[in-house]
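Residue strings, one per chain:
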Amino acid sequence: MASTHGAHILVASNRGPVSYALDETGALTAKRGGGGLVSGLSAIGPEAGALWVCSALGDGDREAVRRGVGEEGVRMLDIDADVHADAYNGIANSALWFVHHMLYQTPLEPVFDAEFRRQWAAYETYNHAFAQALAEESAEGAAVLVQDYHLTLVPRMLRELRPDLRIGHFSHTPWAPPDYFRLLPDDIAAQVLGGILGADRAAFLTQRWADAFTDCCHAVLGPGIPSGTRIGVHGLGADADFLRERSHRPDVDERMAALREQIGAAPDGGARKTIVRVDRTELSKNIVRGLLAYRQLLEDRPEWRERVVHVALAYPSRQDLKIYRDYMDEVQRVADDINSRYGTPGWTPVLLHLKDDFARSLAAYRLADVALVNPIRDGMNLVAKEVPVVSDDGCVLVLSREAGAYEELGEDAITVNPYDVCGTARALHEALTMPLDERAERTKRLAAAATALPPAQWFLDQLHALDA
Ligand code: F6P
């Protein structure tokens, strides 16, 4: 099946670099996404003959595939919508995501019943569609970089179809420790690990997640990594050049003026301090406990009332899942509760924005005094890396020790246990009172650590490691 034409470098991921929307007239509009992989791929240039294989996600994407509309260098797979929903919502986001982020409330969940098995079969079909497309599109000996928990079975499936290929798998999530990973039924746990071990190299964002993967292999499959798979770590960093340029465009200045207006001034006329957070409203981001910690701060330290504002940008994510919609409602409810409890005619303690707006995120980064990044568990968390780069006057980072970014930024951040609301409230106070010269020094070191491995280099390193 080896092809003499085909691509020499391939990337596979569920979500691709472009998506299509269908308007009421039937016209399609394309929207290009950003992110590490997009800028990483741009580093190798069009002459490298790279191809990105991704899935059609909505009606617009499916229509684009059917009409043959597409971008050079992207192949979108029109996988049956029900199969995709079972694989993506059912298995990837409701089982594998929950396991790796340790999100279950275990007295009642998970329940791996016949319905789960039915969805698992869809996950296999969906992975197989990717493996098949990659096998068709790859030139002899090509390098294939498979991304994330959606596609754990692809490396082994592809290896069987095309033994000549060099295959890498990269996990953008944390990896669960063995006791938690083994919540999965034994055969499924073995299939996930065995799927990734079909790759020549399995890579992770931090050493901690790489070690957890190895520990799971030992626990589930027996001692030793039972294949020739090499394990690697590539800590994706922030894209300093892009961020610095993008955050000084006029639309960001406009958003800054609007935010300043909403934040207002302290009773003595001085500037109010800002605690900023920016997240997809994702169950693992711990936005609710962040709000509870802020409420505790206002309770324990009344001197901060009227003098601080919590700017919380919480953008919608995975809204097909009820638990995500409920979580968003809870974020809104707790924010409203704080505002009605403590707010005054001239002061809104929490400014909560739910509509995705990248320019506003950058504006909030620029004016943050404190950035709150307190996930329950997170593969890396790029917000923690972006704020120190973009912040105008230096910013204190309050960082969960469960974020991957902690490995590189922990020393210059104020670190918190994400479950400890009182501890997080104390950390916020410490952050708000840090002397400005110390804050500036720490911000400089944070920005240097955060940009050590920019996306382009992160991507190239993985390609080179696959060659080695
Ligand atoms: O943050 C981890 C991650 O797996 C990213 O690699 C990926 O972009 C995202 O989660 C998936 O999110 P979504 O379900 O919105 O595509």
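Just so it is clear, the model here is predicted, and its values are computed rather than measured.

Conventions we followed
Residues numbered from 1 in each chain as written. Predicted model: local features only at pLDDT ≥ 70, side-chain atom pairs only at ≥ 80, totals over all residues. Heavy atoms only, no water. Near = heavy atom within 4 Å. Polar contact = N/O pair within 3.5 Å; in protein donor to acceptor, adjacent residues only side chain to side chain. Areas by Shrake-Rupley, 256 points an atom, 1.4 Å probe, with all protein chains shown as cover. Nonpolar A, V, L, I, M, F, W, Y, C, P; charged D, E, K, R; others polar. 1 Å grid on protein atoms, 1.4 Å probe; cavity = no way out; pocket = protein on both sides within 12 Å on 5 of 7 lines; lining within 4 Å. Points joined across faces, edges and corners; volume = space filled by probe spheres on them. Helix = DSSP H or I, 4+ residues; strand = E, 2+ residues; numbered from the N terminus. Buried < 20%, exposed > 50% of the residue type's maximum accessible area, 1.4 Å probe, protein only. Pairing = 2+ DSSP bridges.

## Notes on the site of the ligand
For step 1, the next point in the chain: Taken together, Arg-15, Tyr-88, Trp-97, Asp-148, Tyr-149, His-172, Arg-280 and Arg-318 form the complete shell of residues around the ligand.
For step 2, the next point in the chain: Within the contact set of the ligand, an oxygen atom lies 2.8 Å away from a side-chain nitrogen or oxygen of Arg-15.
For step 3, the next point in the chain: Between an oxygen atom of the ligand and a side-chain N or O atom of Tyr-88, the distance comes to 2.4 Å.
For step 4, the next point in the chain: When the free accessible area of the ligand is taken as 400 Å², the share hidden by the protein chains comes to 74%.
For step 5, the next point in the chain: Looking at the shell around the ligand residue by residue, the classes come out as three nonpolar, one polar and four charged.

## Some words on empty space enclosed by the protein
For step 1, the next point in the chain: Under the criterion given, the structure shown has two cavities of 30 Å³ or more.
For step 2, the next point in the chain: The volume enclosed by the largest cavity comes to roughly 50 Å³.
For step 3, the next point in the chain: Leu-145, Gly-168, His-169, Phe-170, Arg-201, Ala-203, Gln-462 and Leu-466 together form the lining of the largest cavity.
For step 4, the next point in the chain: The set of elements that each furnish at least two residues to the lining of the largest cavity consists of strand S7 (166-170), strand S8 (201-204) and helix H18 (455-467).
For step 5, the next point in the chain: Here the lining of the largest cavity is built from residues that sort into four nonpolar, three polar and one charged.
For step 6, the next point in the chain: The calculated volume of the second largest cavity comes to roughly 30 Å³.

## Re the pairing of strand S4 (residues 50-55)
For step 1, the next point in the chain: Most of S4 sits inside the fold, with five of its six residues counted as buried.
For step 2, the next point in the chain: In this structure, strand S1 (residues 7-12) lies alongside S4, joined through four bridges in parallel fashion. Along S4, the bridge assignment pairs Leu-10 with Leu-51.
For step 3, the next point in the chain: By the bridge criterion, four bridges tie S4 to strand S5 (residues 74-77) in an arrangement that is parallel.

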